[in-house]
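# Observations on the model geometry
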Amino acid sequence: MKSKKDLFCLLLAELALMFLAAEFIFRLLTFPNLFNSSFDRITMYTFSAALFFAWLFSLLPVKAAKFFTALAGVFFGAYTITQLQFMNFYGSYMSVRASLDGAGRIAEFAGQFISLIKPVYWTALIVPAIVIVVNFFVKVQRSSPKKTFLVTLCGCLLMEGAAFRNLSQTEYVSLYLHPRFIDRAIREFGLGRFLLLDLISLGTGSSSSELILPESTPEPTETPEPEITAEPVITRRDTIDDTAWKALAEAETDEEIRTIDNYLMNRKVTDFNEMTGALRDWNVVYIMIEAFDYMAIDPELTPTLYRMKEEGWDFTHHYTPKFSCATGESEFVSEVSLVPLSDVCTPNQYAANEWPSSIFSVFRNAGYYSTAYHNWKDEFYDRRILYSHSGCEAYLNYDDLKYAQIWGWQSDLEMMELTVPYWIDQDKFFTLYVTSSTHFPYDEGSELGNRYLNEINEVHPEYPIEVKRYLSKSIELDKSMAYLMDQLAEAGKLDNTLLVLFADHHPLETPLQTLADYGGAEVDRLNGFDEDRTPLIFYSPNLGAQKLDRVNSTFDILPTVLNLIGLNYDPRLYVGNDYFDEASKLVIFPNGSWITDDGAYYASNDTHDETLSDAEVARRNTEVNNLFSVCRMIYRRNYFALRPTIPFP
């Protein structure tokens, strides 16, 4: 008769094998460097988790112990698949907190999400399947509870201690305590440990003791006298009077609020430049276009978009970083120019905060009629709440107007037809549009996805159907832009209205190779961060054609527009910078990666371009970490509600 296996040993071997296999598969499919110090650390964390669960399950009856062991392996394999598919589908990894916050958005596309899982991802369930079969045949005997407890305790302490020593660097310890850069945390600690930290954050939130390393504080200088010219138009921005702000900071007893005060006041005050007020008193129509990509701009099929790009200001190195809820957070960034959090959907979580420095508020304070429009419901994002705290005077969406509901996403042309009359007769207006016509899916039919297929087949019969459907939706968008410009021209306002077109993200669920093949030769979408390179167009017939080549991102749109219109704002309150300022540009990505005009840093594998020195990389990393940290504090403490007067110098 064969001897029975020890239950604890069997469970430990099975759990360790299942957890390690999932970590290995994930790392193999995700990160270029498979074996390094972080993999050693992940192995230690994995054995620690396997020890704990083996001890816990060994306390159960044998059948229950086997069942829960197999279930743990299946769960972790499914979690691995989910993380892989989240990156493939949404362009970012999943946080439990953010997923709970955006449950409606995820549920809406659950069918597509599952159907598009790559076959190779399912390999994460092979080992759990083997364990289920093995457990059916293997006979076991119960282990000594005292012995297994001592083995577990000593083993976990040894593994956790060794893993902690392996962290070594302060930045890794900080990342462990505050894993706000999800893919860096997963790379350094593994899926299992990140899941634990993510779940802990549900109950504890984020600690208020996050360290912000001090940036260089400018030396105090005497405020220069404003230069007297024949036609004084503006004074230098470094004449901002911080007296009232400093008084509030000195009287503040809350250390975190004081930290925010000191950080913001010590940021560099960018000066005016030759483009400040270049479009003074112009109106602005701010248009965030769903999945706006170079594929949408075709000289024959979308002539209006093509003309706007070729005859307006074309920002050729514009990036749209994708945060945890891409559309809502790209819009949020364009409105307040602050870094969203990675573990929640920031515009939903903090919609009721006060935003006196938002683009709505700044324009409204300058006498503009500030409004917003969208052609769908507030199903995924709490726009009505956010706008009401941001200075938006009126917001109309699908629930407010009589849209003709169609199969799939709604018509941008119809949105323009229904909403333009609400604002076009105002003396001065700032208008935000959030479009939806070009929303995925593209691999299945819809009203707009099929509407213009005949026209597309005449021009590009060789294109795959997914690209044709995207183009069909883009034609509807193009018609909406033509209608908008016609209405502005009829009202005599086109010549002094700036149209700003930008993306919320590239077309999701679309292979990167497809974007590269059909998005034109201007951008190599397979290079570096160029997956997130999207069109940014400033258009008015009076602007003149320009190709603007410096790097910039969604963060920079707001301060650039404010500077061009010549509005009163404090640049220290925004993460982004005016494009026309001489300072080096900085594009920030959710994982802590970044790009400047001089090169790029890749946080996923901790490498950087040779054009950057190690000292520059260290300085920029500190700057980026500080921005993430201070923005988290601003959200958590509803900071601007405590400082309602500071946004306006």
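Notes on the structure follow. (Residues numbered from 1 in each chain as written. Predicted model: local features only at pLDDT ≥ 70, side-chain atom pairs only at ≥ 80, totals over all residues. Heavy atoms only, no water.)

## Examining the overall build of the protein
Within the protein one finds 25 helices and 16 strands. With 649 residues in all, the protein has 57% of them scored as buried. Intrachain contacts of the protein at a sequence separation of at least 6 include 77% that bridge at least 24 residues. Accessible surface, the protein as shown: approximately 27100 Å² in total, 57% of it carbon and sulfur. (Helix = DSSP H or I, 4+ residues; strand = E, 2+ residues; numbered from the N terminus. Buried < 20%, exposed > 50% of the residue type's maximum accessible area, 1.4 Å probe, protein only. Contact = heavy atoms within 4.5 Å. Areas by Shrake-Rupley, 256 points an atom, 1.4 Å probe, with all protein chains shown as cover.)

## Digging into the nonpolar core
One finds Trp-423 and Leu-501 to be the most contacted residues of the largest nonpolar core, which totals 141 residues. Among the elements that make up this core, the one with the highest residue count is helix H1 (residues 7-30) (11 residues). Met-288, Trp-313, Tyr-569 and Tyr-574 belong to the second largest nonpolar core, which has 38 residues in total. (Core = buried A, V, L, I, M, F, W, Y, C linked by side-chain atoms within 4.5 Å.)

## A word on a nonpolar patch on the surface
Where nonpolar side chains cluster on the molecular surface, the patch consists of Phe-24, Leu-28, Leu-29 and Val-120 and spans about 320 Å² of accessible area. Along the chain, Leu-29 turns up in helix H1. (Patch = residues over 30% accessible without salt bridge, like charges linked within 9 Å, V, L, I, M, F, W, Y side chains within 5 Å. Salt bridge = Lys/Arg side-chain N within 4 Å of Asp/Glu carboxyl O.)

## As for empty space enclosed by the protein
One pass over the structure, following the stated rule, counts 5 cavities of 30 Å³ or more. In this model, the second largest cavity occupies a volume close to 60 Å³. Only helix H12 (255-265) and helix H24 (614-637) provide two or more residues apiece to the lining of the second largest cavity. Looking at which element gives the most residues to the lining of the second largest cavity, the answer is H24, with 4 residues. Of the residues that constitute the lining of the second largest cavity, the class distribution is 11 nonpolar, no polar and 2 charged. (1 Å grid on protein atoms, 1.4 Å probe; cavity = no way out; pocket = protein on both sides within 12 Å on 5 of 7 lines; lining within 4 Å. Points joined across faces, edges and corners; volume = space filled by probe spheres on them. Nonpolar A, V, L, I, M, F, W, Y, C, P; charged D, E, K, R; others polar.)

## Let's talk about the pairing of strand S6 (residues 369-374)
With respect to burial, S6 is a largely interior element, 5 of its 6 residues being buried. In the sheet, S6 pairs with strand S7 (residues 394-396) via 3 bridges, with the strands oriented parallel. Paired with Thr-371 across the strands is Ala-394, a residue of S7. Handedness of the crossover is the feature at issue here: the chain leaves S6, passes through helix H17 (residues 383-388), returns alongside S7, and the resulting connection is right-handed. (Pairing = 2+ DSSP bridges. Right-handed = clockwise from strand over helix to strand, strands pointing away.)

## Section: the pattern of salt bridges
Taken as a whole, this structure holds 28 salt bridges when the rule is applied. A salt bridge links Arg-643 to Glu-252; the shortest N-O distance between them is 3.1 Å. Highlighted residues: Arg-643 in the segment after helix H25 (639-642) and Glu-252 in the loop between helix H11 (243-251) and H12, separated in sequence by 391 residues. For the pair shown, Arg-643 and Glu-252 are each scored as buried. With a closest N to O distance of 3.4 Å, Asp-314 and Lys-309 form a salt bridge. Classification of Lys-309 as buried rests on a relative accessible area of 3%. A cluster of three or more residues bridged by salt bridges with shared partners is formed by Lys-309, Glu-310, Asp-314, Glu-522 and Lys-547.

## Things to note about the state of the cysteines
Inspection of every chain in the model, using the stated rule, returns 1 disulfide. At a sulfur-sulfur separation of 2.0 Å, the disulfide partner of Cys-325 is Cys-345. On the S-S bond that ties Cys-325 to Cys-345, the torsion sits near 90°, and the link is right-handed. Of this pair, Cys-325 sits in the loop between strand S5 (318-319) and helix H14 (326-336) while Cys-345 sits in the loop between H14 and helix H15 (346-349), placing them 20 residues apart in sequence. Of the two residues, Cys-325 and Cys-345, both sit in the buried class. Sulfur of Cys-154: no disulfide; nearest cysteine sulfur belongs to Cys-156 and is 9.6 Å away. Relative accessible area serves as the criterion here: at 15%, Cys-156 is assigned to the buried category. (Disulfide = S-S within 2.5 Å.)

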